[in-house]
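# A closer look at the structure
So you can see what is in the structure, the chains are spelled out below.
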Amino acid sequence: MTAAKDYIETVYQKVEKRGPHQAEFLQAVREMFDTIEPAIEKNPQFIKWNILEQLAEPERVISFRVPWVADDGTVQINKGFRVQYNSALGPYKGGIRFHPTVNESILKFLGFEQMFKNSLTGLPIGGGKGGADFDPKGKSDEEIMRFCQSFMTELQKYIGPIQDVPAGDIGVSGREIGYMYGQYKRLNGAHSGVLTGKPVSMNGSLARTEATGYGLVYYTEEMLQSNGKSFKDQKVVVSGSGNVATYAIEKVHEFGGTVIACSDSNGYIYDESGIDLALLKQIKEVERKRLTEYADRKDSADYVEGSVWDIDVPFAIALPCATQNEISGNQAAQMVKNGVYCVSEGANMPSDLDAIHVYLENGVYYGPAKAANAGGVATSALEMAQNAQHGHWTFERVDEELKAIMKNIFKTVEETAKEYDLEGNYLAGVNIASFLNVANAMVFQGVV
Ligand code: NDP
């Protein structure tokens, strides 16, 4: 065993001992640690400064009670969190998730991924993540508002435009950001760039809503073109039907591909003629209804209960845009059998470790989330820049910057893989490049 390998395993065992039940966090750490051995070998100072153990512990985990009153007068209690994961590269930056499954393990894994992802954008942002085990589904607007106000009453003690700048994630879109922003402003008496993903009328950035989905497709197109392929005339399956999925579908169609299926947490719609995006947006964004409605209104579509990754039809490209661990090893194997040669991740950690092995063994062009979905946070950083300048950029300017950032991330990933004699191993390229950015900044700053 090399000194680097020995160091990695010793640290992993410590991390496992510290939080044996934090399955999602351990999975994210394992995936990263499995690929960075060559970078540690080349840089023994990372062992000297015990960088891995520092990286595997967030700087701070804040948890708090979120009390609120439901429409029927009952008092409800949720648990809120902010994980301020790593500030080596800048203020903590990362979304807020409202979903009943939210817990410390999930937010630590998301914060861990976020710090590496943010470093790939080349922008001065550290990593963080937050949220609550609150289920927005079926709640009235008034309930959502009261919850957001209570959540922000506590969170505002820990955030600020140069300390920690949250954004949206699952269950948190413009509406929720608006309510949280209003409460922050009331409590602090200041309009400030403390949240991103704000509605454009409240100093938000044009193209932020579209950014993660568009960025995913820009990154994937770069990867495909580098291998002599493209989205054009390809059949694509997207999971989810939320913010990331919607704008990924829009851009795939612009690039000449056809998205034949998308999903929600109950099932999926299969529409061989291509998902009708105007209808999807009407149902999901305007009416806030379930996907079953789509099949009710469109003759060419079928609704199927269960995971979209059990779909048994030929297609070429998979864009998981729903949630963590949505693709298992068996599902990945079936996809490959059905002709899938590219998987690129809009969601965070949507492929479990077995699925990733299947991609690598079968030469699937793989876009790991840390790189492929970095367009959202990159555009959030552009929103911070606009807020700091008290200015607004056009949609076209933000979109151009986003394109350039995604292109540049792919170039870095490709070159890093080559530099480490791992040409075409984009997972290694992503993990090594992002690790080096954060680790070097930490060595530079000393043990703090
Ligand atoms: P949304 O809340 O807008 O949409 C989430 C979608 O995923 C919904 O269709 C939802 O279905 C589905 N989903 C959620 N949980 C599950 C589950 N357990 N099983 C199956 N489907 C599920 O969230 P976003 O689109 O913003 O986020 C999607 C993913 O992208 C997340 O992993 C997020 O971390 C990641 N991401 C988001 C960014 C952003 O800018 N928004 C940036 C980078 C990454 P249902 O409605 O039934 O719950």
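Residues numbered from 1 in each chain as written. Predicted model: local features only at pLDDT ≥ 70, side-chain atom pairs only at ≥ 80, totals over all residues. Heavy atoms only, no water.

### A short note on empty space enclosed by the protein
To keep it simple, the criterion reads: The definitions used throughout rest on a 1 Å grid laid over the protein atoms alone, on which a cavity is an enclosed set of points accommodating a 1.4 Å probe that cannot get out and a pocket is an open set flanked by protein within 12 Å on both sides along at least five of seven lines; lining residues are those having an atom within 4 Å of a point. Grid points are joined across faces, edges and corners, and a volume is the space filled by probe spheres set on the points. Three residue categories are used. Nonpolar comprises Ala, Val, Leu, Ile, Met, Phe, Trp, Tyr, Cys and Pro, charged comprises Asp, Glu, Lys and Arg, and polar comprises the others, including Gly.
With the rule as written, the count across this model stands at one cavity of 30 Å³ or more. Taken as a whole, the largest cavity spans an internal volume of roughly 50 Å³. Lining the largest cavity are E31, E113, E345, M349, I356, Y366, P368, A369, K370 and L427. Per-class residue counts for the lining of the largest cavity are six nonpolar, no polar and four charged.

### Concerning the layout of surface pockets
As a reminder, the rule being used: A run of H or I in DSSP counts as a helix once it spans at least four residues, and a run of E counts as a strand once it spans at least two, with each numbered from the N terminus.
Roughly 260 Å³ of volume is contained in the second largest pocket. Together, 15 residues line the second largest pocket, and S192, G193, M384, N387 and A388 are the ones closest to its centre. Here the lining of the second largest pocket takes four residues from helix 16 (residues 375–389), the largest share from any one element. Among the residues forming the lining of the second largest pocket, the class breakdown is six nonpolar, eight polar and one charged.

### Details of the pattern of salt bridges
We apply this condition: For this analysis, a salt bridge means a side-chain nitrogen from Lys or Arg found within 4 Å of a carboxyl oxygen belonging to Asp or Glu. Only protein chains enter the calculation, and the probe is 1.4 Å; a residue is then buried if its accessible area is under 20% of its type maximum, exposed if over 50%, and partly exposed in between.
In this structure the tally under the stated criterion is 27 salt bridges. D271 is the salt-bridge partner of K298, the closest N and O atoms lying 2.7 Å from each other. Residue K298 is found in the loop between helix 12 (292–297) and strand 9 (301–305), and its partner D271 is found in strand 8 (residues 267–271); the two are separated by 27 residues along the sequence. Grouping residues by exposure puts K298 and D271 together as buried. Among the ionic pairs, E401 bridges to R397, the shortest N-O distance being 3.6 Å. Taken together, the positions of E401 and R397, both in helix 17 (residues 395–419) and four residues apart, correspond to about one turn of that helix. Overall, the relative accessible area of 39% leaves R397 in the partly exposed class. Via salt bridges that share partners, K5, E9, R30 and D34 belong to a single interconnected network.

### Details of the UniProt feature "binding site: substrate" (unreviewed entry) in the protein
We apply this condition: UniProt positions are given in the numbering used here, feature names are shortened, and annotations may be inferred rather than shown by experiment. In this analysis, two residues are considered to be in contact whenever any of their non-hydrogen atoms come within 4.5 Å of each other.
What UniProt calls "binding site: substrate" (unreviewed entry) maps, in this numbering, to K93, Q114, K117, G168 and S380. If near-sequence neighbours (up to four positions away) are discounted, K117 is found in contact with N348, A369, K370, N373, A374 and V377. If you trace the backbone, S380 turns up in helix 16. Excluding its chain neighbours within four sequence positions, the residues that come into contact with S380 are K93, A167, T196 and R208.

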